[in-house]
Amino acid sequence: DLARALDAIKLDEGAIAKRRAKLTASHDELVKGRKAQQAAARGKNPIDPVWLCAALNEAMPDDTVYLDEVTTHTNLLREHLALNKPQCLFTRQGGLGQGLGLSLGLKLANPDRPVVTLIGDGGFLYNPVLQSFGAARDFDLPIMVVIFNNKKYAAMQNMHQRLYPDGTAVEKNSYLGTHINGPDYVKVMEAFGGYGEKVENPDDLVAALKRGHDANKSGKTALIDVAISK
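Keep in mind that this is a model prediction, so the values were computed, not measured.

Draft legend 1. The sheet that holds strand β2 (residues 89-91), seen in detail. Taken in spatial order, the six strands of this open sheet run β2-β1-β3-β4-β6-β5, and their pairing is parallel. The outermost strands of the open sheet, each flanked by one partner alone, are β2 and β5 (195-199). If you compare each strand with its neighbour and ignore which way they point, the axes differ by 20° on average. Here strand β1 (residues 65-69) pairs with β2 via three bridges, running parallel. Paired with D68 across the two strands is T91, which belongs to β2. Docked against the sheet, helix α5 (residues 99-109) engages β1, β2, β3 (115-120) and β4 (144-149), running at close to 165° with respect to β1.

Here you go:
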């Protein structure tokens, strides 16, 4: 209805062209800046989360559906992931622990599209991991889980620093309850017949993500445990 209404109006094509040129230049400058950030992040070790997003853009099809449960890196995902298709980014509402279940629902609704859960190691441990991997296997819902693994509840540490900048935790560099000595996530995935891989070298990241995607196409759930910078 709006398109038909606009067709009936005599529009100022010159003003439209001028505005489009201005916005195009602004957009191109924004994209240029993002690509420069991604290029600078590519060689960093430990892996920079910006490069992880760029590697996902390179490895995954453009119709990939992403589920965000990363918390600390949420804004970074929105800046650096290529999100150019309808319904390609979802997130949980409220507390942590919903990402895997929501991803299974997204896969059920989109059986022909790749579904990737982007999740921190802290958020991952809040989830019903065993039940979710069992359901993925038993109901033929192969998803890919990419863990942003910084071995900590970074959001909790950030709140220490933000709310108590002169507190004991900052003074002693002792953030109780924030550091995670997690299990071997790859072995957890393998226990359910899925594909798992740990990535520590940024040069290996794109290939690892592609192997995870190939595992999905063969009907297996995949987990890529990415050691990111702290």
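Draft legend 2. Layout of the environment of G167. Among the secondary structure elements, G167 is positioned in the loop between α8 (154-163) and α9 (168-172). You can call G167 buried: its relative accessible area is 18%. C-alpha separation for the pair G167 and V145, spaced 22 residues apart in sequence, amounts to 36 Å.

Draft legend 3. Molecular detail of the pattern of salt bridges. Summed over all chains, the structure comprises nine salt bridges. The salt bridge partner of R4 is D1, with a shortest N-O separation of 2.2 Å. Comparing R4 with D1, the two get one shared label, exposed. Two residues, D138 and R137, come together in a salt bridge whose shortest N-O distance is 2.8 Å. Residue D138 is classed as exposed on the basis of its relative accessible area, which comes to 52%. Note on R137: relative accessible area 45%, which makes it partly exposed.

Draft legend 4. Main features of unusual backbone geometry. Across the junction of N45 and P46, the peptide omega takes the value 5°, indicating a cis bond. With respect to the helices and strands, the residue P46 is situated in the loop between α2 (13-41) and α3 (49-59). Not every positive phi belongs to a glycine, and D140 is a case in point at roughly 55°. Tracing the chain through its elements places D140 in the loop between α7 (129-138) and β4. For N173, which is not a glycine, the phi torsion comes out positive at approximately 50°. Tracing the backbone shows N173 in the loop between α9 and α10 (185-190). Judged by relative accessible area, N173 falls into the exposed class, the value being 60%.

Draft legend 5. Structural context of the nonpolar core. In terms of nonpolar packing, the biggest core is built from 31 residues, with L56, L118, V146, L205 and L209 touching the most fellow members. The set of elements that each furnish at least two residues to this core consists of α3, α4 (74-80), β3, β4, α11 (205-217) and β6 (222-227). Broken down by element, this core gets its largest block of residues, eight residues, from α3. For L118, the contacting residues outside a window of four places in its chain are L56, Y66, L67, D68, E69, V70, L77, L81, V146 and F148. Ranked by size, the runner-up nonpolar core spans 20 residues in total, among them L104, F133, A136 and L141.

How each quantity is defined
- The numbers attached to residues start from 1 for each chain and follow its sequence in the written order.
- Only residues with pLDDT of at least 70 are given local features in this predicted model, and only at 80 or more are side-chain atom pairs given and counted; all residues enter the totals for whole chains, interfaces and linings.
- The basis for every side-chain value is the complete set of heavy atoms in the structure, and neither hydrogens nor water enter the calculation.
- Here the rule is simple: two strands pair whenever DSSP picks up at least two bridges between them.
- To qualify as a helix, a DSSP run of H or I must reach at least 4 residues; to qualify as a strand, a run of E must reach at least 2; elements of each kind are numbered from the N terminus.
- Throughout, an axis means a line fitted to C-alpha atoms (over the contacting stretch in the case of helices), and angles, computed between N-to-C directions, take values from 0 to 180 degrees.
- Throughout, a contact is declared for two residues whenever any of their heavy atoms are within 4.5 Å.
- We call a residue buried when its accessible area falls under 20% of the maximum for its residue type, exposed when it is over 50%, and partly exposed in between, using a 1.4 Å probe and counting protein chains only.
- Salt-bridge detection follows one rule: a side-chain nitrogen of Lys or Arg within 4 Å of a carboxyl oxygen of Asp or Glu.
- Nonpolar core, defined: a set of buried Ala, Val, Leu, Ile, Met, Phe, Trp, Tyr and Cys residues in which side-chain atoms within 4.5 Å join the residues together.

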